[in-house]
Amino acid sequence: MALGRAACLALWWVAALPAGGAERDVAAAQNGARATASRLVDAGSPYLLQHADNPVDWYPWGEEALDKARREGKPIFVSIGYSACHWCHIANRTLYSNPEIAALMNRWFVNIKVDREQRPDLDALYMLATKLMTGRGGWPNNLFLTPDLKPFFAGSYFPPADDAFGRPGFARVLRGIHSDWSERRGAIERKAEETIRAMQAAQQDGTAAARPVDAAAWLAAAIGRLEAEFDREHGGFQPARDDGAKFPHEPLLALLVADVRAGGDRAARDMLLATLDAMARGGVHDHLGGGFHRYAVERSWSLPHFEKMLYDNAQLLRVYAEAWQLTREPLYREVAERTGDYLLRRLAAPDGGFYTAEDAEAEARDGASYLWTSAEIEAALGGEAARAFLSAYAITPVATQREDDVLDGVVRGVLRVRRPPPADDLPAALAGHRARLLAAREAREQPARDEKLVLALNGLAIDAFVVAARILGKPAYLQAAERTASRLWSLAYDERGRTLHHEVYRGEARGVGFLDDYAHFGVGLAALADATGELAWRRRAALLADDALRLFAREDGGLAMASAQQALPIVPIERGDDPYPSGTSATVRLLLLLAREADGAPYLRAAERVLAALSARVQDRPEQWPALVATAVELRTAALARHATSQRAPLELPDSANHVAIDTSFRRLEGHDEIVVALRIAPGFHVNANPASYDYLIPTAIRFAGLEPAHIRYPPGRLFRPAFATDGLMVYEGDVELVAEFRSGALAGRKAIEGELGVQACDDRVCLPPATLPVSLTLP
């Protein structure tokens, strides 16, 4: 592929340069060293503040930096990360704190730092670029861009100097890119264009024609594909990455819960329980402090990557609580409660709200506060208690690059439940021992916290605590959810301007809200309304739903990630539900929660329109959209339950067939025969004319089985101007006749005609999923 050649060319630039000459470059670059005060000191991001004292002349993302790159014709170096990222810390210490490297960066590049949690749109866009150019992604995500923001070289962590693994040192990368920018800029710009075209092609699936919404089929297909990827030995799903990292993939676990709740087959239940058991007993679970680390670095869940994220733990709180509700397995209740208690103890802000993450590091070492030797455990517990504890828990040694991690020749390790596990009640009986070890651990230096309160992530937490409070009978959890919602609503929502901020940091609301902020926070408020019966929470959830539709709706019926794209070369789209439900999936859930009320019909229609726009992508890869599939399954399950108790027709998501009826007739004329399909379109609705006004709309069209008409007469449409298509659409309304002409004798010998009519019905706000209506006619 052309893009692959672009990446190879970029590596060739680095490899072909002589290793010498760095001293001359550095000496010359000293004039470019930063002499101004840091621009990051007011960034409102712990990650950016970590870099505020670097000798690198960092800019936050914004017009000042972009204008400088355009005016001076310099390439942009953009580094995207987050505060709890281990390799981001290493890059900070080894690269960005190095005055000689900083001098090269300052002289030749405009350098931008981005907190991916502040700008998920930038993170999505440039992570796509990195994956296309390198075949993998991770943080820090480091890219070089042209002044018009088109990426041409990407990577993650670069060592400061050439290393034994053949990786080029960062100074050498900088010299190579500067040399080619100075001498072969046209080639770089052509490769940047190739990268952009590849990124656009990767997003083409977002324009596929809508297909019928079929929750049962989506679920069956998703479960089948998960079975193929399931790790039958260790639970979870086989790593797709060549480094063996294994993630919880919480939206997939929630989909399995939904399937079990809906009465699915044994496969989903087996995958769910095997994964929850393995994670609960593995080192990825913090057995002393509760909660879960972000992922495991190997298949058995024994060795974690140590950062702890709000989004992981909020989702796992809910999943384990619901698993206990389904199975009454004591382990799941214990894990759920300890996860909720961890969130309240370590990530809860005093006045309400939940912080974003805990760092992977302490004492500049990955996982240092979590590691133990048997001697340390004996010192903390005493000999007999330590032996009892270690009969249930094993210590899995970790690879180390620091002598500090070795005590008396023994490498520190991570606690996990022994395999095979001891008696089910043994770890629970050791709760006192765990508490004493936790107290000893907390005397060590603790990981730093990222104390941003991100609205989307707090919405996840509110929803999880509401659900867990009900299932586990924990009033304190509901109180925490109410306290969080009240504080964030008062600080982050502007009722006059009808806008939501993205985050709160040190009591100040910051940033423009993204789709997932509106959606997840709205879902949390709707959950509170259900739990408390307070109408104020539902009113606020409805405001957020209305705002989301106003700010993020696209003409094709889908939803944008951000309300205003800030000079981005292409608009990033959501590509699925990972690591937590996308803004689109959460919006559908919010709309359907609101649709249950007496005045909920507009929300149901809005949800139908979003589902229709996304239906082709979900049908093709339902396992990438587990949260959306789970929502559709829950809706269908609830509808069937209502039908079972009330004997009323079950509520299904209506499609266009609910609003269009047809009659067929035959007439023989001089020189040709005609089949007339008469449409009766319900008041307040219309169908797309043929041809449709836009490629993404479904035209009204007739097809016949085994017959090709000589001509089909579609009447001219009427111009209709809905809010979502200000240029207008050509539509049919009321009673319309479509006429298929056949040459005389073409139908001779036929007793019946079969065919179908494809339609997509819309009202003045939404377009419904398309439908195929049967056309049947007996000939005289």
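Residues numbered from 1 in each chain as written. Predicted model: local features only at pLDDT ≥ 70, side-chain atom pairs only at ≥ 80, totals over all residues. Heavy atoms only, no water.

**Focus: the sheet that holds strand 5 (residues 151-155)**
At step 1: Ordered by their spatial adjacency, five strands build an open sheet running 1-3-2-4-5, and the pairing between neighbours is mixed. At either end of the open sheet lies a strand with only one pairing partner, and these are strand 1 (58-60) and strand 5. Each adjacent strand pair in this sheet contributes to an overall mean axis angle of 25°, direction not counted.
At step 2: Against the sheet, helix 4 (residues 63-72) touches strand 1, strand 2 (76-81) and strand 3 (110-115), its axis set at about 150° to strand 3. (Pairing = 2+ DSSP bridges. Helix = DSSP H or I, 4+ residues; strand = E, 2+ residues; numbered from the N terminus. Axes fitted to C-alpha atoms, helices over the stretch in contact; angles between N-to-C directions. Contact = heavy atoms within 4.5 Å.)

**Describing the pairing of strand 2**
At step 1: Within strand 2, six of the six residues are buried, leaving the element largely enclosed by the surrounding structure.
At step 2: Across the two faces of strand 2 the burial is the same, with Ile76, Val78 and Ile80 and Phe77, Ser79 and Gly81 all buried.
At step 3: As paired elements, strand 2 and strand 3 share six bridges and run parallel to each other. Paired with isoleucine 76 across the strands is valine 110, a residue of strand 3.
At step 4: For strand 2 and strand 4 (residues 141-145), the ladder comprises five bridges, and the chain directions are antiparallel. Each bridged residue has a counterpart across the sheet, and for serine 79 the counterpart in strand 4 is asparagine 142. (Buried < 20%, exposed > 50% of the residue type's maximum accessible area, 1.4 Å probe, protein only.)

**Here's the deal with the environment of phenylalanine 152**
At step 1: Topologically, phenylalanine 152 is positioned in strand 5.
At step 2: In this structure phenylalanine 152 comes out as buried when scored by relative accessible area, which is 1%.

**Concerning the sheet that holds strand 24 (residues 701-704)**
Hydrogen bonds between backbone atoms are what pair the strands of a sheet, whose relative direction is either parallel or antiparallel.
At step 1: Here we have three strands laid out as an open sheet, ordered 24-29-31, and antiparallel in their pairing. Edge positions in the sheet fall to strand 24 and strand 31 (771-778), since each of these pairs with one other strand and no more. Sheet twist, expressed as the average angle between the axes of neighbouring strands with direction ignored, equals 25°.
At step 2: Bridge count for strand 29 (residues 752-759) against strand 31 is eight bridges, and the pairing is antiparallel.

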